[in-house]
Amino acid sequence: MIILRDDMQSKVTGCMLIITPIAWIVTSLVNPESLMVGGVFFLLAFLVFFWRYSCTSSGENDLTISFDSIRFSTGGRPVRIRWQELEDYGTGRKTSKIPSVQGGDMEKTTDYITLKRKKADGTTETFHKDLSSWGGSKVMGHVAFYTAARVVKLIKKLSDAQSKKERVEIIKNAKGISNFEFKQKKIPFWHRKVLTCTKCGGISCYDNRISKDEFICPSCGENPKSERERNGMIK
Ligand SMILES: [Zn+2]
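Residues numbered from 1 in each chain as written. Predicted model: local features only at pLDDT ≥ 70, side-chain atom pairs only at ≥ 80, totals over all residues.

Comments concerning the overall build of the protein
Item 1. Along the protein, the regular secondary structure elements total six helices and eleven strands.
Item 2. Principal-axis analysis of the C-alpha atoms gives the protein an extent of 70 × 60 × 35 Å.
Item 3. Residues classed as buried in the protein amount to 18% of the 235 residues present.
Item 4. Expressed as a percentage of contacts within the protein between residues at least 6 apart in sequence, the contacts between residues at least 24 apart total 54%. (Helix = DSSP H or I, 4+ residues; strand = E, 2+ residues; numbered from the N terminus. Buried ≥ 20, exposed ≤ 12 C-beta atoms within 10 Å, placed from the backbone. Contact = placed C-beta atoms within 7 Å.)

Examining the sheet that holds strand 9 (residues 145–146)
Item 1. Taken together, the six strands give an open sheet; going across it, the order is 4-3-2-1-8-9, and neighbouring strands pair in antiparallel fashion. Each edge of the sheet is formed by a strand with only one pairing partner; in this case those strands are strand 4 (77–82) and strand 9.
Item 2. Taken together, the two bridges between strand 8 (residues 137–139) and strand 9 define a ladder with antiparallel strand orientation. By the bridge assignment for strand 9, Lys 138 is matched with Phe 145. (Pairing = 2+ DSSP bridges.)

Focus: the nonpolar core
Most often, soluble globular proteins have nonpolar side chains that are buried together.
Item 1. If you look at the biggest cluster of nonpolar residues, it comprises 23 residues, and the most contacted ones within it are Leu 4, Ala 144, Tyr 146 and Val 151.
Item 2. Counting residues per element, the ones that place at least two in this core are strand 1 (2–5), strand 2 (63–65), strand 3 (69–74), strand 6 (105–118), strand 9 and helix 3 (148–160).
Item 3. Sorting elements by how many residues they give to this core places helix 3 first, with four residues.
Item 4. Those residues in contact with Leu 4 that lie beyond four places of it in its chain are Asp 62, Leu 63, Ser 137, Val 139, Tyr 146 and Val 151. (Core = buried A, V, L, I, M, F, W, Y, C linked by C-beta atoms within 7 Å.)

Details of the domain arrangement of the protein
Item 1. Looking at the protein, the domain boundaries give domain 1 (2–57) and domain 2 (185–234).
Item 2. Its C-alpha centre places domain 1 at a distance of 35 Å from the equivalent point of domain 2. (Domains from an automatic or database assignment.)

Quick look at the pairing of strand 4
Item 1. Here strand 3 pairs with strand 4 via six bridges, running antiparallel. Note on strand 4: the bridge partner recorded for Thr 74 is Arg 77.
Item 2. Linking two consecutive strands that pair antiparallel, namely strand 3 and strand 4, is a turn of two residues; a positive phi of about 60° is found at Gly 75 within it.

Overview of the packing of helix 1 (residues 7–30) against helix 2 (residues 35–57)
Item 1. Close contact between helix 1 and helix 2 brings their axes to 8 Å; oriented N to C, the two are set at 170°. Here helix 1 lies roughly antiparallel to helix 2, going by the angle between them. On helix 2, the residues touching Gln 9, Ser 10, Thr 13, Gly 14, Met 16, Leu 17, Thr 20, Pro 21, Ala 23, Trp 24, Thr 27 and Ser 28 of helix 1 are Leu 35, Gly 38, Gly 39, Phe 42, Ala 45, Phe 46, Phe 49, Phe 50, Arg 52, Tyr 53, Thr 56 and Ser 57.
Item 2. Here the contact of helix 1 with helix 2 is built from residues that sort into twelve nonpolar, eleven polar and one charged. (Axes fitted to C-alpha atoms, helices over the stretch in contact; angles between N-to-C directions. Parallel < 35°, antiparallel > 145°, perpendicular 65-115°, else oblique. Nonpolar A, V, L, I, M, F, W, Y, C, P; charged D, E, K, R; others polar.)

A few points about the environment of Arg 117
Item 1. Locating Arg 117 in the fold gives a position in strand 6.
Item 2. A residue is classified by how many C-beta atoms lie within 10 Å of it, and Arg 117, with 18 of them, is partly exposed.
Item 3. Residues Arg 117 and Arg 82, spaced 35 residues apart in sequence, show a C-alpha to C-alpha distance of 8.6 Å.
Item 4. Apart from residues no more than four positions distant in its own chain, Arg 117 is found in contact with Ile 81, Glu 85, Leu 86, Glu 87, Thr 124, Glu 125 and Phe 127.

Here we look at the environment of Pro 78
Item 1. If you trace the backbone, Pro 78 turns up in strand 4.
Item 2. Residue classification places Pro 78 among the exposed residues on the basis of 9 C-beta atoms within 10 Å.
Item 3. Measuring from C-alpha to C-alpha, the distance between Pro 78 and Glu 60 comes to 9.0 Å, with 18 residues separating the pair along the chain.

Thoughts on the pairing of strand 6
Item 1. Both strand 6 and strand 7 (residues 124–132) contribute to a ladder of eight bridges, which runs antiparallel. By the bridge assignment, Lys 116 is partnered in strand 7 with Thr 126.
Item 2. Hairpin connection, strand 6 to strand 7: the antiparallel pair is bridged by five residues, and Gly 122 has positive phi, about 95°.

Considering the environment of Gln 184
Item 1. Along the chain, Gln 184 falls in helix 5 (residues 179–184).
Item 2. A sequence separation of 167 residues divides Gln 184 from Leu 17, and the C-alpha atoms of the two residues are 30 Å apart.

Regarding helix 3
Item 1. In this model helix 3 runs 18 Å from its N-terminal to its C-terminal C-alpha over 13 residues, within 8% of the 18 Å that 1.5 Å per residue would give.
Item 2. For helix 3, the complete set of buried residues consists of Ala 148, Arg 150, Val 151, Ile 155 and Leu 158. For helix 3, the angular spread of buried residues about the axis comes to 160°, placing them on one side. Exposed and facing more than 90 degrees away from the buried side of helix 3 are Lys 156 and Asp 160. (Expected span 1.5 Å × (residues − 1). Arc of directions from axis to C-beta.)

This is the structure:
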């Protein structure tokens, strides 16, 4: 089973939970008169972040992919699509505008996947599941990182698979190494090289003492080389 979660979203809101009270204290020190008014403002901000944090970490926005089905919830309604019922799938990107306090709008892009389910009566039902506004989601407990395009590739593989055994195997290979294994491999920071994998988009640390050709992306198991280098190799 693979559980994909918008990890950045919960990290960002988690950070805001710590920053908000600090901001209140700092503002109060600078301007003691704002202690009460600021207190109300920051308390409200804190509650908003807390609510969002509990939403993202409760798992209700997760996308669960298992050997028999895909599960998620959309608009508060839980959906389960078995592999046999899946008719079509794809990705999309939408932009929404968030009005900002300073005037002018901020743009937010969200990647989503589209899934079509064939119903018993022959009609199809289409679902949109938001994936992430931060480029991708993380596999819970593992280091693998999934962009919307990679999720669709995995869905294609699982949908094409013929047996339960095949699907179990695909899922096992798609998770990347576990967080625990990853921590065991900690690299001293003066030897770290941070690279973005061109294959899956995951950002990871590599040990610069070993040859670049031997780097293995912990998320997808491929060499995280840049596109240019990869093409250079072929020529
Ligand atoms: Zn990768």
